[in-house]
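Residue-level structural notes
As a plain string of letters, each chain reads:
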Amino acid sequence: MEITVVQGDVTEIETDVLVVNLFEGATAPGGSTGAVDSALFGLITQLISDGEITGEESESVLIHTPNSAYPDFKPSRVLVVGLGPEESFDLNGVRRVSASVIRKLRLSGARQAATVVHGANDANSAGSDGAGSGGGRLIDPAAGAQAVAEGSLLGSYRFDKYKTVDSKRRPDIEGLAVIAPNSSKLGAIEAGVEKGIVYSLAETLARDLVNEPANKLSPADLAAVAEQVARDSGIGCTVLEEAEVSELGMGAYIGVAQGSDRPLKFIHMSYEGDPSNEGNNLWLVGKGITFDSGGISLKRGAGMGKMKGDMGGGASVIAAMQAISHLKPKLNVHAVCAATDNMPGASAQRPGDVVTAMNGMTIEVDNTDAEGRLTLADAIGYALSKGAARVVDVATLTGAARVALGDGVSPVFGNDDELVGAVLEASKSVGESMWRLPLDPVTKRQNSSRIADLKNTGGMGGGATTAAHFISDFAGDTPWVHIDVAATSMLDRTRGWTPAGATGVPTRSLIELAMTLGG
Ligand code: BES
Ligand code: MN
Ligand code: ZN
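Residues numbered from 1 in each chain as written. Chains lettered and ligands numbered in written order. Predicted model: local features only at pLDDT ≥ 70, side-chain atom pairs only at ≥ 80, totals over all residues. Heavy atoms only, no water.

Section: the overall build of the protein
Worth spelling out the cut-off: Secondary structure elements follow DSSP: runs of H or I no shorter than four residues count as helices, runs of E no shorter than two count as strands, and numbering proceeds from the N terminus. Based on C-alpha atoms, the radius of gyration is set beside the globule rule, defined as 2.2 Å times the residue count to the power 0.38. Only protein chains enter the accessibility calculation, which uses a 1.4 Å probe. A residue is then buried if its area is under 20% of the maximum for its type, exposed if over 50%, and partly exposed in between. Contact between two residues is taken to exist if any of their heavy atoms lie within 4.5 Å; hydrogens are not considered. Where accessible areas are quoted, they stem from the Shrake-Rupley method and a 1.4 Å probe; at the residue level, only the protein chains shown are allowed to cover. Charge assignment in this entry is limited to Lys and Arg as positive and Asp and Glu as negative, and neither His nor the chain termini are counted. To locate a charge, take atom NZ for lysine, CZ for arginine, CG for aspartate or CD for glutamate.
Scanning the protein from terminus to terminus reveals 15 helices and 19 strands. Against the 2.2 N^0.38 benchmark of 24 Å for 519 residues, the protein shows a C-alpha radius of gyration of 25 Å, consistent with a compact globule. When its C-alpha atoms are laid out on the principal axes, the protein stretches across 80 × 50 × 45 Å. Out of the 519 residues belonging to the protein, those deemed buried represent 57%. Contacts spanning at least 24 positions in sequence make up 78% of the contacts within the protein whose residues lie at least 6 apart. For the protein, the exposed area adds up to about 20300 Å²; of that, 50% sits on carbon and sulfur atoms. With 43 positive and 63 negative side-chain charges, the protein shows a separation of 5 Å between the mean positions of the two kinds.

Focus on the nonpolar core
Generally speaking, soluble globular proteins have nonpolar side chains that are buried together. Filter applied, for reference: We define the nonpolar core as a collection of buried residues of types Ala, Val, Leu, Ile, Met, Phe, Trp, Tyr and Cys that are connected through side-chain atoms lying within 4.5 Å of one another.
Residues Leu222, Ile267, Met269, Leu284, Val333, Val392 and Ile483 are the most contacted members of the largest nonpolar core, which totals 54 residues. Per element, the largest residue contribution to this core is eight residues, and it comes from helix α9 (residues 312-327). Excluding residues that lie within four positions of it along the chain, Ile267 makes contacts with Leu222, Ala223, Ala226, Cys237, Thr238, Ile318, Ala335, Val336, Cys337 and Ala339.

Re the sheet that holds strand β11 (residues 354-356)
Just so we agree on the cut-off: When DSSP finds two or more bridges between a pair of strands, those strands are recorded as paired.
Pairing is mixed across the open sheet formed by three strands, whose spatial order is β11-β12-β16. Every other strand in the sheet has two partners, leaving β11 and β16 (454-455) as the edge strands with one partner each. One ladder, built from two bridges, connects strand β12 (residues 362-364) with β16; its direction is parallel. Looking at β16, one finds that Ile363 is bridged to Leu454.

Some words on the site of ligand 1
Formally: If a single non-hydrogen atom of a residue is within 4 Å of a molecule or strand, that residue counts as near it. What qualifies as a polar contact is a pair of N or O atoms within 3.5 Å, subject to a donor-acceptor requirement within protein and to the restriction that residues adjacent in sequence count only when both atoms come from side chains.
Near ligand 1 you find 15 residues, and of these Lys299, Asp310, Asp369, Glu371 and Gly399 are the closest. In the environment of ligand 1, an oxygen atom lies 2.9 Å from a nitrogen or oxygen atom belonging to the side chain of Glu371. In this structure, a nitrogen atom belonging to ligand 1 sits 3.4 Å away from a main-chain N or O atom of Leu397. Across the complex, the protein chains shield 73% of the 520 Å² of accessible surface that ligand 1 would expose by itself.

Regarding unusual backbone geometry
Phi is mostly negative for residues that are not glycine, and the peptide bonds are mostly trans. Across the junction of Val505 and Pro506, the peptide omega takes the value 5°, indicating a cis bond. Inspection of the secondary structure assignment puts Pro506 in the loop between β19 (501-502) and α15 (507-517). Despite not being glycine, Ser58 has its phi angle at roughly 70°, a positive value. Tracing the chain through its elements places Ser58 in the loop between α2 (43-49) and β3 (60-64). Unlike most non-glycine residues, Lys328 shows phi in positive territory, near 55°. Relative to the elements of secondary structure, Lys328 occurs in the loop between α9 and β10 (332-342).

Things to note about the sheet that holds strand β13 (residues 391-395)
Counted only if it meets this: Each axis is a line fitted through C-alpha atoms, taken for helices only over the stretch in contact, and angles between the N-to-C directions span 0 to 180 degrees.
Pairing within the open sheet is mixed, and its eight strands lie in the order β7-β8-β10-β9-β13-β17-β14-β15. In the strand order of this sheet, the two ends are held by β7 (236-240) and β15 (434-436), each with one partner. When strand polarity is set aside, the average angle formed by the axes of neighbouring strands in this sheet is 20°. Here three bridges tie strand β14 (residues 410-414) to strand β17 (residues 480-484), and the two strands are oriented antiparallel to one another. Bridging from a neighbouring strand, Phe413 pairs with His482 of β17. In this fold helix α10 (residues 372-385) packs onto β7, β8 (265-272), β9 (281-292), β10, β13 and β17, with an angle of close to 150° to the strand it touches most, β9. Contacting β9, β10, β13 and β15, α15 runs over the sheet at an angle of about 170° to β9.

Description of the coordination of the zinc ion (ligand 3)
We apply this condition: Only nitrogen, oxygen and sulfur atoms qualify as donors, provided they sit within 2.8 Å of the metal or within 3.2 Å for Na, K and Ca; with water excluded from the atoms, sites may seem incomplete. For four-coordinate sites, all angles between 85 and 135 degrees define a tetrahedron; for four- and six-coordinate sites, opposite donors beyond 155 degrees with the remaining angles between 65 and 115 define square planar and octahedral shapes respectively, and all other cases count as irregular.
Within the protein, Lys287 (NZ), Asp292 (OD), Asp310 (OD) and Glu371 (OE) serve as the donor atoms for the zinc ion (ligand 3), at 2.0 to 2.4 Å. Angles of 78 to 173° at the metal separate the six donor atoms of the zinc ion (ligand 3), which places the site in the octahedral class. Positions of the donor residues of the zinc ion (ligand 3), expressed as sequence spacing, correspond to K-x4-D-x17-D-x60-E. The manganese ion (ligand 2) is placed at 3.1 Å from the zinc ion (ligand 3), the two being bridged by Asp292. Of the two residues, Lys287 is situated in strand β9 and Asp310 in the loop between β9 and α9; the sequence distance between them amounts to 23 residues. Since its relative accessible area comes to 2%, Lys287 is described here as buried.

Some thoughts on helix α4 (residues 141-155)
Selection criterion: One less than the number of residues in a helix, times 1.5 Å, gives the span that helix is expected to have.
For α4, which comprises 15 residues, the first-to-last C-alpha distance of 20 Å matches the rise-based estimate of 21 Å (1.5 Å per residue) to within 8%. Between the side-chain oxygen at the start of α4 and the backbone nitrogen of Ala142 there is a gap of 3.3 Å, and the oxygen is on Asp140.

Pasting the structure below:
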């Protein structure tokens, strides 16, 4: 789908379907909707008083407006979509509504569509503010246009490359035009749409990688994707092989990898946005388990297929680099992903083994299924050895994250209030919910081992927290944030702008974070 921006009167746009909107309970349509209503001789007002249009969020009514009946009205059809209550409408509302609209449009058979920026309340003529706007906050045109692009692109996402026989599949909308009703907002809307496309294409890449089956995405395949992204974006990418990783002393990472026949790949991408100021950097570290069987501490069979997505953190940091290199913040950004399978091969590590991480700490491997923190320990050790000033790690780390916060909110931990605050702020502005949990000293003790410095499991209670404490021991005093996306990286059913399957979370948050730190 191609998204463009057009300036003009909504009644004059030649398109298959024109999308306008209505807040819940509004009786007199204003703005662009009002202009359409007038051109259709009060048809929308009539449908409101008939009770067919209520303005409930994502409710939609398709009106056919043939040229023979309305010679002065160019669009062939009009889709009136509900925005819900005006008081609570926000950018996430724009994303949700845009996602539901794009799926409705697909079902309508339309090829081309045009949409207003929901909630920006533009009338179709310059200078007019649109009647019936009430007291709600207006959506900013640039941010609103970005949210329309994101909702449309992310909401129409499908992963169907392996379907060879599906006759019912509806084709995607070919072109979506975002309407700038007057020239004063044209630039803002164009910039917003452009940004929304960049953010969404990155999140889409992350989704594709998570949805990809493990037999199609090995550590080597993931590394090849990172190298391709780096080439296309003109940034650096180094991939270390097992011999080099071993040379660096990454015993925790190697312990995980040794149970698989597919070789590990340690991926390091680098974008230099502030080359004269090397310390101004952000290191994004993503868990990259291309399949997590649990290893010798084998997982049960039910649902194990989902563990193809255990590289969701890695996917998000690689994908974020694609957007960051495009948007060029004044900040050096690195992405690291210690990619490997976690398999129970003949040379797999055993529960009870002790491994030594790159920073010299020894770890008792109590459970080989707690492999993510082992690989992160060495990935963070590597980042610190290269002079990381800030580390943000993203990992599908613990089933306990779902127990704690469900599948709509990712738990966040950190040792630096400023960096934690920046991450939470970024997540909020892109609509990827996160919530900080404490790193309390009582729970930390659950990681202590009788025979080594640390144990890779924390026993009963606070599973997301003990995992975060484990990682914090490798981050040391360096400002560090950990985002556990185990529950939020994949969804069982469609929600808002996220179709069932991979969500791509938290790719847009990472991009936004880099943009604010380097702004
Ligand atoms: N990859 C899993 C966590 C996970 C669970 C991700 C469900 C997505 C959905 C991780 O490697 C794991 O197995 N964690 C264990 C840790 C335990 C053995 C201490 C868990 O959460 O059960
Ligand atoms: Mn595991
Ligand atoms: Zn895992």
